[in-house]
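Coordinate inspection notes
Chain residues, written in single-letter form:
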Amino acid sequence: GINAEYGQSYNRLSNAPLRKEYAIEMACSAIRYGPGVTEEVGMDLQNIGAERVAVITDGNLVNLPPVQKALHALEKARVPFEVYDRVRVEPTDTSFKECISFVRNLQPDAILAVGGGSVIDTAKAANLYTTYPEADFLDFVNPPIGKGLPVTKHLLPLLAVPTTAGTGSETTGVAVFDYEPLKAKTGIANRAIRPTLGLVDPDNIISMPARVTAYSGFDVLCHAIESYTALSYTERGPAPENPKFRPAYQGSNPLSDVWSKHACHIVSKYFKRAVQDPEDYEARCQMHLASSMAGVGFGNAGVHLCHGLSYSISGLNRDYRSIDYSDEIKLIPHGLSVCITAPAVFSATADSSPERHAEIAEILGGKTVRKEDGGEALSDVLREYLHTLGVPDGLNALGYTEEDVPALVAGALPQKRVLCISPIDTSAEPLAEIYSNSMKNY
């Protein structure tokens, strides 16, 4: 058969050893969206017969309304629980292991995560390694750092209540962390670890500070654009020998396209409003919805260079701290490390799919764009978003110089899970050029 834009001719009955990928698999968590749905979580856990719940959050959120509402809902439904509130923002292998130890000792029959991507990702890891108590930590971590073993057991029910509009972690089978021995960002990617249910309650993001709103919003935007411009799933190849080995990040595909493209439409209408006016309830609600939509898109298609290059940017940080985040630790927020290279990335990838780049530039900029100008137009509109929303001026502003480029490249090269669906060459030289072109954006 032939699959239009995405395809090539192929024989569905062929068992040729290195045939290209021919199938896509759509997987995402069940999502419940609406103001106040946090108050239903006690009934949800009661409905599945939970008798001991591990509630995962962080030390800041534990005293704030989203967590308090969730705990009240559990108390009202008479569901016993224990709280773990030591999740680290931008988790590490050490912080993952501390939470894993808590959950293993508690032996719950369900897990509830209330927080941003760091909290939800930590809960996914705790769920996985509690189900596999005999596993070595690197067994399920992505290659080349870990073994990337398949997950064949059923995990505990995991309910996720996101409190930021950015990561889309409530929809995906991905958990990202800093692997401290190598100072490298890596993760676990397997459909089996995605939450059972994501409760997307816009009431939980009303108090989100301006910088958190901005950087989490850029994470949404990059999720959507990267998944829409990724290598086509039919070009990812070879097809897996067994469907259980089909990766979570499959490449751009017609199912993910619908979600990613629509997320861009929402971002174009509501992102600036959500950052510039904290009282704009409609805009913040819509960005929360866009986060989940982009999560469904990239959770099945994947992300590529903005994310692949971001991990060494955050991991090699010397002294940068961001307002509205923790004052105690040096931190380049995830969304900032992702968006800082976006203009250079999409200029570099333009020739791989000029129509798609032009299409997104039109959606975000509101102006007609010729196909041949797609990369330049998309880069320009992204610079305008970055500048308008107060993002620091390139890698120089985060403390990096040209001398850091080799180390940044060395930290990016192991990110095979995302680099493998880049639409352009990901050897050291083109990556170095993108980092160099990102030193200043304005």
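The structure reproduced in this document is the subject of the present report.

Criteria and thresholds
- Residues numbered from 1 in each chain as written.
- Predicted model: local features only at pLDDT ≥ 70, side-chain atom pairs only at ≥ 80, totals over all residues.
- Heavy atoms only, no water.
- Helix = DSSP H or I, 4+ residues; strand = E, 2+ residues; numbered from the N terminus.
- Rg over C-alpha atoms; globule rule 2.2 N^0.38 Å.
- Buried < 20%, exposed > 50% of the residue type's maximum accessible area, 1.4 Å probe, protein only.
- Contact = heavy atoms within 4.5 Å.
- Areas by Shrake-Rupley, 256 points an atom, 1.4 Å probe, with all protein chains shown as cover.
- Lys, Arg positive; Asp, Glu negative; His and termini not counted.
- Charge placed at Lys NZ, Arg CZ, Asp CG, Glu CD.
- Phe/Tyr/Trp six-rings, centres within 6.5 Å; stacked < 30°, edge-to-face > 60°.
- Disulfide = S-S within 2.5 Å.
- Salt bridge = Lys/Arg side-chain N within 4 Å of Asp/Glu carboxyl O.
- Polar contact = N/O pair within 3.5 Å; in protein donor to acceptor, adjacent residues only side chain to side chain.
- Expected span 1.5 Å × (residues − 1).
- Arc of directions from axis to C-beta.
- Pairing = 2+ DSSP bridges.
- Axes fitted to C-alpha atoms, helices over the stretch in contact; angles between N-to-C directions.

Our focus in this paragraph is the overall build of the protein. For the protein, the helix and strand inventory stands at 17 helices and eight strands. Here the protein has a C-alpha radius of gyration of 21 Å; the compact-globule value for 442 residues is 22 Å, and the two agree. The principal-axis extent of the C-alpha atoms belonging to the protein is close to 60 × 55 × 40 Å. Residue burial in the protein is summarised as follows: out of 442 residues, 58% are buried. Considering only intrachain contacts with a sequence separation of at least 6, the fraction spanning at least 24 residues in the protein is 78%. Accessible area for the protein stands at about 17,700 Å²; split by element, carbon and sulfur atoms hold 51% of it. Looking at charge distribution, the protein has the averaged site of its 39 positive side-chain charges lying 4 Å from that of its 53 negative ones.

Under the defined criterion, the tally for this structure stands at nine aromatic pairs. Ring centres 5.3 Å apart and planes at 25° place the aromatic pair Y129 and F137 in the stacked group. Look at Y129 and you get buried, because its relative accessible area is 1%. Its relative accessible area of 10% is what places F137 among the buried residues.

Before going further, it helps to spend a moment on the environment of L155. If you trace the backbone, L155 turns up in the loop between α4 (117–131) and β5 (158–162). In this structure L155 touches N127, L128, T131, A192 and I193, once residues within four positions along its chain are discounted.

So, on to the state of the cysteines. Overall, the coordinates contain zero disulfides when judged by the stated rule. Between C306, a cysteine without a disulfide, and C222, which holds the nearest cysteine sulfur, the sulfur-to-sulfur distance is 4.3 Å. Note on C306: relative accessible area 0%, which makes it buried.

Let's shift gears to the side chain of R211. If you trace the backbone, R211 turns up in helix α5 (residues 210–229). Here R211 sits buried without a salt bridge, and the closest side chain of opposite charge, D324, lies 5.1 Å off (N-O distance). At 3.3 Å, the side chain of R211 forms a polar contact with the backbone oxygen of G390. Excluding anything up to four places from it in sequence, R211 contacts V275, I323, D324, Y325, L389, G390 and V391.

Now for helix α2 (residues 65–76). Because an α-helix completes one turn every 3.6 residues, residues spaced three or four positions apart along the sequence face the same direction. Helix length check: α2, at twelve residues, gives a terminal C-alpha distance of 16 Å against a target of 16 Å (1.5 Å per residue), a fit within 8%. The set of residues buried in α2 consists of P66, V67, A70, L71, A73 and L74. Looking down the long axis of α2, one finds its buried residues gathered within 155° of arc, a one-sided arrangement. Opposite the buried face of α2, at more than 90 degrees from it, the exposed residues are P65, H72 and K76. Of the surrounding secondary structure, the elements contacted by the buried residues of α2 are α1 (41–47), β2 (53–56), β3 (81–84) and β4 (110–115).

Spatially, the six strands line up as an open sheet ordered β1-β8-β5-β4-β2-β3, and their pairing is parallel. Only two strands of the sheet have a single partner each, and these edge strands are β1 (30–33) and β3. The sheet shows a mean angle of 20° between the axes of neighbouring strands, taken without regard to direction. Strand direction decides the pairing type here: β5 and strand β8 (residues 197–200), joined by two bridges, are parallel. In the sheet register, A160 faces β8, and the bridge partner there is G198. Contacting β2, β4 and β5, α4 crosses the sheet at an angle of about 165° to β4.

Turning our attention to the pattern of salt bridges. On inspection of all chains with the given rule, the structure shows 23 salt bridges. With a closest N to O distance of 2.9 Å, R273 and E282 form a salt bridge. Among the salt bridges present, the one from R370 reaches E372, with a minimum N-O distance of 3.4 Å. We classify R370 as exposed; its relative accessible area is 52%.

The next point concerns helix α9 (residues 305–315). Burial analysis of α9 places ten of its eleven residues in the buried class, which makes it a mostly covered element. Every buried residue belonging to α9 is among L305, C306, H307, G308, L309, S310, Y311, S312, I313 and S314, and all of these are buried.

Right, let's talk about unusual backbone geometry for a bit. The step from P143 to P144 runs through a cis peptide bond, and the omega angle for that step is 5°. Phi is positive for R78, which is not a glycine, with a value near 60°. Tracing the sequence through the fold places R78 in the loop between α2 and β3. The backbone of E90 sits at a positive phi, close to 60°, despite the residue not being glycine. Counting through the fold element by element, E90 comes out in the loop between β3 and α3 (93–106).

Attention shifts here to the pairing of β4. The side chains of a regular strand alternate between the sheet's two faces. Across the six residues of β4, six count as buried, placing the element largely inside the fold. Taking every second residue as pointing to the same face, both faces of β4 are buried, with A110, L112 and V114 on one and I111, A113 and G115 on the other. Sheet topology places β2 next to β4; four bridges connect them, and they run parallel. Following the sheet pairing, V53 is matched in β4 by A110.

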